[in-house]
Amino acid sequence: MPAHFTHLHEHSAKELFDLIDHAVLLKKRPFKGRPLQGKSLAFCFMNPSLRTQVSFEVAAVALGGHPLVLSLGTATWQMEHQEGIVMDGKAAEHLKEAVPVLARYCQALALRSFPAGVNWAEDRLEPYLSAFRKYSPVPVINLESATGHPCQALADLMTIRERMNPKKKNFLLTWAPHIKGLPMAVPNSAAEMAALAGMNVTIAHPEGFDLDPEVIARVRANCKKNDAAFRISQDVPRVYDNADVVYAKSWGSIKDYGKPLPSDPEFRAKWMVTADKMKRTDNALFMHCLPVRRNLVVADEVLDGPWSVVIDQAENRLHTSKAVLLKLLSRRPPS
Ligand code: CP
């Protein structure tokens, strides 16, 4: 396992499933002792968060560590990531100094950095996360970047595995309406995790909302390796038939990057998750990473109904966060 936890594809399926197994144990039997005693952890946020911020902070305290939650750019100086730049703009500090300085105080650094939403070719390089990785001598955790949300994916698969053996079960990732184009991090990671778990993966989205080809190639390859099916479809609501898991998420278009999403009511109705669509499934789980916009992404009846496991997904963020912290930090005892 590399020193960082930033991208699912850098880890073997076994490493990821071991983390989930550990999280299941931690959920059953909370950790006794203070394995992170004497360790400070900086959780840096460039964007809002409820679950990620709170679950990691609570996890760190429960393990005896000292979490610092930093709003990067507002509570701290605004950060620059470009090398060789004349810093005569808004950013007062370069990550080349800020990251190693934080690492002198803290034994792990974590970053949430959404894409800027203007140029996909630039966003997909994840300049802030890449700078953290480049300049940090201590482990870095990705709390959601332009291309992935690996911590969410761990909690998602844990939630599925609590209810079924995922192998050969049918996983439907469906695009959903929204008021704006959202990052592709969650759908990328959800599809990658389902493929690693041996599920038959269907990705349903409107024309022009293709996920990144590199991610799709990995999902396709892992489905093939696991002898599972993979398809991309626009055939809503038929794609719901026989689904065991329906994972809803909105994301923006790469083709029309940064442009507003279609808002006509017929289009929204076609793609919103409704009880009628869920009734076509094999009593599927309804999953969403949250936050979710009711009656735009998913109807109240589904979110409040027997299908929904969204609160369990959110709870499992806590247990998987503990497993990630223990895995990264148990290798580095305090000096
Ligand atoms: N699912 C998730 O990452 O939630 P937050 O954005 O609230 O952290």
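Details of the structure are given in the entry above.
Everything numeric here is computed off the predicted structure, so don't read it as measured data. (Residues numbered from 1 in each chain as written. Predicted model: local features only at pLDDT ≥ 70, side-chain atom pairs only at ≥ 80, totals over all residues. Heavy atoms only, no water.)

**A closer look at the pairing of strand 9 (residues 230-233)**
So the rule is basically this: At least two bridges found by DSSP between two strands are what make those strands a pair. Elements are defined by DSSP. Helices are runs of H or I of four residues or more, strands are runs of E of two residues or more, and each kind is numbered from the N terminus. With its strands directed away from the observer, a crossover is right-handed exactly when the path from the first strand over the helix to the second travels clockwise.
By the bridge criterion, four bridges tie strand 8 (residues 200-204) to strand 9 in an arrangement that is parallel. The residue of strand 9 that forms the bridge with I203 is I232. At this point the chain moves from strand 8, through helix 8 (residues 213-225), to the parallel strand 9, and the crossover so formed is right-handed.

**Let's talk about the site of the ligand**
What counts is decided by this rule: Consider each residue's heavy atoms; a residue with any of them within 4 Å of a molecule or strand counts as near. N or O atoms closer than or at 3.5 Å make up a polar contact, with two conditions inside protein: a donor-capable atom paired with an acceptor-capable one, and, for residues adjacent in sequence, both atoms drawn from side chains. Reported accessibility uses the Shrake-Rupley method at a 1.4 Å probe radius. Residues are deemed covered only where the shown protein chains occlude them. Put simply, Ala, Val, Leu, Ile, Met, Phe, Trp, Tyr, Cys and Pro go in the nonpolar bin, Asp, Glu, Lys and Arg in the charged bin, and everything else, Gly too, in the polar bin.
The environment of the ligand is made up of S49, L50, R51, T52, R112, H149, Q152, C289, L290 and R317. At 2.9 Å from an oxygen atom of the ligand is found a side-chain nitrogen or oxygen belonging to R51. At 2.9 Å from a nitrogen atom of the ligand is found a side-chain nitrogen or oxygen belonging to Q152. Protein burial of the ligand: of its 250 Å² of free accessible surface, 94% is covered by the chains. Along the lines of polarity and charge, the residues of the shell around the ligand split into three nonpolar, four polar and three charged.

**Concerning the sheet that holds strand 9**
Applied cut-off: Here an angle of 0 to 180 degrees is reported between the N-to-C directions of two axes, which are lines fitted to C-alpha atoms, with helices fitted over the stretch in contact.
Spatial strand order, 9-8-7-10-11: five strands in an open sheet with parallel pairing. Strands at the two margins of the open sheet, each flanked by one partner only, are strand 9 and strand 11 (285-287). The sheet shows a mean angle of 15° between the axes of neighbouring strands, direction not considered.

**Focus on helix 3 (residues 95-105)**
We count it as follows: Three labels apply to residues, based on accessible area from a 1.4 Å probe with only protein chains included: buried if under 20% of the type maximum, exposed if over 50%, partly exposed otherwise in between. The arc in question is the one spanned by the directions pointing from the helix axis to the C-beta atoms. Here a residue-residue contact requires only that any non-hydrogen atoms of the pair lie within 4.5 Å.
Listed as buried for helix 3 are L95, A98, V99, L102 and A103. The buried residues of helix 3 all sit within an arc of 130° when viewed along its axis, so they share a single face. Looking at helix 3, the residues exposed on the side facing more than 90 degrees away from the buried face are R104 and Y105. Residues of helix 3 that are buried sit in contact with strand 1 (40-45), strand 2 (66-71), strand 3 (79-80), strand 4 (93-94), strand 5 (108-112) and helix 5 (127-135).

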